[in-house]
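# A look at the structure
If you want the building blocks of each chain, they are given just below.
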Amino acid sequence: MRKKTQVVKIGNVAIGGENPVAIQSMTKTDTKDIEATVAQIQTLTDAGCQIVRSAIYDEECARCIPAIKDAIRIPFVADVHFDAHIAVAAIECGVDKIRINPGNIGDKDKIVSVVDAAKAHHIPIRVGANSGSIPADVLEQYGKPTADALIESALQNIRILEKQGFTDIVVAIKSSNVNVCVEAYRKISKILDYPLHLGVTEAGTCNNAIIKSSVALGALLLDGIGDTFRVSVTGDPVQEIAIAKEILDNIIQ
């Protein structure tokens, strides 16, 4: 039995609630190369990808969003780090969801600018934690990137958004350690109703990614945890979709 979470709409795909678990991937192209990015997204879509994310690392990338969106059939998510101005530009250019880390996006005014733009354009924000980027104070408290450290890091980011009255949130807490990853998602699932994006970070090459993702994501999905997920593979992202579909097929058979 899947845990019912809050429904969040990402373009024409809804996650959470009773909606099916959605498969995601991320482009490996330079987003400024519109033709190459669109071609890769079309290949991913044909393979079964339902939501795609691209790195939006400057304003020129953001300006490419309308052209990319016009040429694709699935929701387009912007991955933005450190720069609130770029995050706002991506939102204003029509992205369907934005992935940020509020803790590194800047001071309160910068965070408020991103939240205000997301509210105005009715798009969700994905926040969370990664074992490789846990804040220093949290690492000092827990000693290493434990499940509880990941959860506290994610909650810090969530609180920043909630203080601005923003609750259109998707949460991810990723670790390269399978045990830590599973423990963290199981624990946070008990305390949050936001939809969860599952993933094992730095899963590695195809064989390693298959093993780590099958164990971690398979265990969580069998527990009824998870509303959307990505299998991270070094190399061709189409491999991610094939692995993800196999995992889902074996869970729901």
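Residues numbered from 1 in each chain as written. Predicted model: local features only at pLDDT ≥ 70, side-chain atom pairs only at ≥ 80, totals over all residues. Heavy atoms only, no water.

### What about the packing of helix H1 (residues 34-47) against helix H9 (residues 238-252)?
For any two helices packed against each other, the geometry is given by the interaxial angle and the distance between the axes. In plain terms, the rule: Here an angle of 0 to 180 degrees is reported between the N-to-C directions of two axes, which are lines fitted to C-alpha atoms, with helices fitted over the stretch in contact. Working definition: helices are DSSP H or I runs of at least four residues, strands are E runs of at least two. Numbering for both runs from the N terminus. If an angle is under 35 degrees, it is roughly parallel; if it is over 145, roughly antiparallel; if it lies from 65 to 115, roughly perpendicular; otherwise it is oblique. By convention the crossing between two helices is left-handed if the near helix lies anticlockwise of the far one by an angle smaller than a right angle, and right-handed if it lies clockwise. Contacts were defined at the residue level, with two residues in contact if any of their heavy atoms lie within 4.5 Å. Three classes are used: nonpolar for Ala, Val, Leu, Ile, Met, Phe, Trp, Tyr, Cys and Pro, charged for Asp, Glu, Lys and Arg, and polar for all others, with Gly counted as polar.
For the pair H1 and H9, interaxial distance at closest approach is 9 Å and the crossing angle is 15 degrees. Looking at the two axes, H1 sits roughly parallel to H9. H1 and H9 meet at a crossing whose hand is right-handed. Contacts from Thr43, Leu44 and Ala47 in H1 reach Val238, Ile241 and Lys245 in H9. In terms of residue class, the contact of H1 with H9 is made up of four nonpolar, one polar and one charged.

### Points about empty space enclosed by the protein
If a probe the size of a water molecule is rolled over the atoms, the empty space left behind becomes visible. Using the following cut-off: In this analysis a 1.4 Å probe is tested at points of a 1 Å grid over the protein atoms alone, and where it fits but cannot get out there is a cavity; an open set with protein on both sides within 12 Å along at least five of seven lines is a pocket; lining residues have an atom within 4 Å of a point. Grid points are joined across faces, edges and corners, and a volume is the space filled by probe spheres set on the points.
For the coordinates displayed, the defined rule picks out one cavity of 30 Å³ or more. Quantified by volume, the largest cavity comes out at close to 40 Å³. Every residue lining the largest cavity is listed: Lys3, Thr5, Ser189, Leu192, Tyr194, Leu196, Gly224, Ile225, Gly226 and Asp227. For the lining of the largest cavity, a count of residues per class yields four nonpolar, four polar and two charged.

### Considerations on the sheet that holds strand E8 (residues 169-174)
For clarity, the threshold we go by: For two strands to count as paired, DSSP must find a minimum of two bridges between them.
Overall, parallel pairing links the eight strands, which are arranged E8-E7-E6-E5-E4-E3-E10-E9 in an open sheet. Strand pairing shows two members of the sheet lacking a second neighbour, E8 and strand E9 (197-198), which therefore form its edges. Across six bridges, the pairing between strand E7 (residues 125-130) and E8 is parallel. Among the inter-strand pairings, Val127 is bridged to a residue of E8, identified as Val171.

### Structural notes on the environment of Phe76
Within the secondary structure layout, Phe76 lies in strand E5 (residues 76-79). Between the C-alpha atom of Phe76 and that of Gly11, which follows or precedes it by 65 residues, the distance is 7.7 Å. Ignoring any residue separated from it by four or fewer positions in sequence, one finds Phe76 in contact with Ile41, Val52, Ser54, Ile56, Ile65, Ile68, Lys69, Val95, Asp96 and Lys97.

### Topic: the pattern of salt bridges
Selection rule: Any Lys or Arg side-chain nitrogen located within 4 Å of an Asp or Glu carboxyl oxygen qualifies as a salt bridge. Under the scheme applied here, a residue whose accessible area is under 20% of the maximum for its type counts as buried, over 50% as exposed, and between as partly exposed, the area being computed with a 1.4 Å probe on protein chains only.
Inspection of the entire model under this criterion finds 14 salt bridges. Linking Asp193 and Lys3 is a salt bridge whose minimum nitrogen-to-oxygen distance equals 3.6 Å. With Asp193 in the loop between helix H7 (178-191) and E9 and Lys3 in the segment before strand E1 (8-10), this residue pair connects regions lying 190 residues apart in the sequence. A relative accessible area of 24% means that Lys3 is categorised as partly exposed. Two residues, Asp79 and Arg53, come together in a salt bridge whose shortest N-O distance is 2.8 Å. Of this pair, Asp79 sits in strand E5 while Arg53 sits in strand E4 (residues 51-55), and the two are 26 residues apart along the sequence.

Remember, this is a structural readout, not a statement about activity or role.
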